[in-house]
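# Fold and contact review
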Protein chains: 2
Amino acid sequence: MSTVDRALTLLDLFSESRPESGLSELARLAGYDKATTRRFLVALGNHGYVEQDPESRKYRLGAALLRLANVRETTFPVTDLVLPILNRLRDSTAETAHFSLVAGNSMATVMIAESPRANRVSLEQGERLPLHSTASGIAWLAFAPDKTVQRILAKPLKPLTSKTETDPERLRKQIETARVNGFAVADQSHEDDVHGIAAPVFNANAHSSGAIAVATPVSRVTPETAQQIQMAVHQAALEITNVLGGEPHKIFTNANKEAGQ
Amino acid sequence: MSTVDRALTLLDLFSESRPESGLSELARLAGYDKATTRRFLVALGNHGYVEQDPESRKYRLGAALLRLANVRETTFPVTDLVLPILNRLRDSTAETAHFSLVAGNSMATVMIAESPRANRVSLEQGERLPLHSTASGIAWLAFAPDKTVQRILAKPLKPLTSKTETDPERLRKQIETARVNGFAVADQSHEDDVHGIAAPVFNANAHSSGAIAVATPVSRVTPETAQQIQMAVHQAALEITNVLGGEPHKIFTNANKEAGQ
DNA sequence: AACCAACGGTTCAATTAATGAACCGTACAA
DNA sequence: TTGTACGGTTCATTAATTGAACCGTTGGTT
């Protein structure tokens, strides 16, 4: 992992639930030395990608990101294209649908279409979730480079519920199953009472860039609804891959190449 | 300049008018070796901050920026706060007002409120403009760290019109005048027939983060309108500094400290 | 008020990663 | 066919990154 990679990892640590962090906190989260972390933050700050509250001395994401996101959105719109697909998925399943991008070693929820029902799964935008406990994460891992999968499996797999898979070998089996099926299922492995079905989406690059998923209260899951959701999710994933300029047929041929190498 | 700094500079090269670039093009623009540039792009790509078109092999900004901008905007909104001020400035002057952030060695136009008149100055969102030829750039330089000013002055000052200041010493005088006045004037120094008045805005960090400006067709500039615009721009700059959490009274005490060092 | 732990930030010799000239294969135009 | 420019890669040389130890400060505990 290059120095630049490590510096960029700091940006991935920010989310809606942790919008500000102190120097030591960031160093701890990223696993870097304080001095190193600070040099990275200064470099990021020089470009406006992070800024520091002068009172609390905490760091937060910077305003320059607005410009970049703006350029990206106006020259290659995604939100406008993905949102209708997400809404249609929500409508056809009557459950909460969400679209996630991979951010470092986790999935970041980028867009959410909430179920109209009173009893529904509610998600926080921008929230970062682990790869190993979520359907989206496993769906992404299923088509991620081997090296990445190995790196994730090598780390301790933190149990979040009693059903979280913590054994690397059994998780690898789950990932392989997801690759064969084209979608992943997470039955209460991230949160009790929540059942997730996810399929990977591919952008213009060869590898998977994220996942689309439907999260259901487990009380409503039956074999019939599950299958219906699987099909809807799979269809939506293909549509998103399409608007992102990805090539779904590459799914089974390019999954084991390391990105950009 | 650190390695991380150099890598981040690549992001600053993208704009609405240059949303995609090839490897050699980026290397040339940034002044790096091709191999170095590519390693940076791979690192940026690993985090989704750039992506590559598989056909043309050109690089563009990545989708992960949307997440970061989203987190930034929802936890620390700026657009919502700045836009009304910008619109009011446009209304009170009946000229095109715009808000720019510094991006590397240039100013990036982030928000625009166009004049209602038929003959007006029209700007492109996300466009990157040089520091030395624009009112916004000079306004920002007036409160930038000395080292930064020296770095800019050391580079060749590209003439864009017959009135562009290309002599480093005379430009330094202009910058000092802007510091004393609290605003900068650019009379056709960036484009013929365009007259600009800009004032710096300050964010939560000590140094200036950008500038707000009004651009006028030179035919409408009189001493009276110029003074009216100066006052309106200055007032708007104070308001924006306020909503950004900056402290305008630090202007004259912190301008000569290098950012974050 | 004395103590202590944790904070943000800094220093510099030891270490490790970045660098770039030269290279390959390819695509396209003259 | 030749020439040029492209994206991408290699590896000995070089230059930057690293992190333990440090400083001063803050805020809570005894």
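Nothing here was measured: the structure is a model prediction, and the numbers come from that model.

### Points about the protein's contact with DNA strand C
If you check the shell around DNA strand C, you find 20 residues, and the closest are S24, K34, R38 and Y59 of chain A together with D33 of chain B. When atoms of DNA strand C within 4 Å of the protein are sorted by moiety, sugar and phosphate together comprise 68%. Here L23 of chain A contributes a backbone N or O atom positioned 2.8 Å from a phosphate oxygen of DNA strand C. If you tally residues by element for the surface near DNA strand C, the top one is helix α3 (residues 34-46) of chain B, at four residues. Looking at the surface near DNA strand C residue by residue, the class counts come to five nonpolar, eight polar and seven charged.

### Focus on the protein's contact with DNA strand D
By nearness alone, 20 residues border DNA strand D, and R6 of chain A together with S24, K34, R38 and Y59 of chain B come closest of all. The sugar-phosphate portion of DNA strand D accounts for 67% of its atoms within 4 Å of the protein, the bases making up the rest. Contact distances for DNA strand D include 2.7 Å between a phosphate oxygen and a side-chain N or O atom of R39 of chain A. In this structure, T3 of chain B approaches DNA strand D through a main-chain N or O atom, which is 2.8 Å from a phosphate oxygen.

### Quick look at helix α5 (residues 79-93) of chain B
Over its 15 residues, α5 of chain B runs 21 Å from end to end, which matches the ideal 21 Å to within 8%, given 1.5 Å per residue. The first or second residue beyond α5 of chain B is A94 of chain B, which carries a positive phi of 60°.

### Some thoughts on the relation of the copies chain A and chain B
Between the two copies, chain A and chain B, the superposition gives an RMSD of 0.1 Å; the rotation angle is 180° and the shift along the axis is 0.1 Å. Viewed as a symmetry operation, the transformation between the two copies matches a two-fold axis. Residue V4 of chain A of chain A places its C-alpha closer to the rotation axis than any other residue of that unit, at 2.6 Å. Of the residues that chain A buries at the interface, 98% are likewise interface residues in chain B, meaning the two copies contact each other through the same surface.

### Let's talk about the domain arrangement of chain A
All names here are of chain A. Domains assigned within chain A are domain 1 (3-66) and domain 2 (76-250). Just the C-alpha atoms count here: the centres of domain 1 and domain 2 sit 28 Å apart. Each partner contributes to the interface: domain 1 provides seven residues, whereas domain 2 provides seven residues. The three residues of domain 1 that bury the most area against domain 2 are D12, E16 and S17, which together make up 76% of that side's buried surface. One can count zero salt bridges joining domain 1 with domain 2. Viewed at the interface, domain 2 and domain 1 are joined by zero residue pairs in polar contact (both at pLDDT 80 or more).

So, how was this worked out
- Residues numbered from 1 in each chain as written.
- Chains lettered and ligands numbered in written order.
- Predicted model: local features only at pLDDT ≥ 70, side-chain atom pairs only at ≥ 80, totals over all residues.
- Heavy atoms only, no water.
- Near = heavy atom within 4 Å.
- Polar contact = N/O pair within 3.5 Å; in protein donor to acceptor, adjacent residues only side chain to side chain.
- Helix = DSSP H or I, 4+ residues; strand = E, 2+ residues; numbered from the N terminus.
- Nonpolar A, V, L, I, M, F, W, Y, C, P; charged D, E, K, R; others polar.
- Expected span 1.5 Å × (residues − 1).
- Least-squares fit on C-alpha atoms with pLDDT ≥ 70 in both.
- Contact = heavy atoms within 4.5 Å.
- Domains from an automatic or database assignment.
- Buried area = accessible area lost by both parts, 1.4 Å probe.
- Salt bridge = Lys/Arg side-chain N within 4 Å of Asp/Glu carboxyl O.

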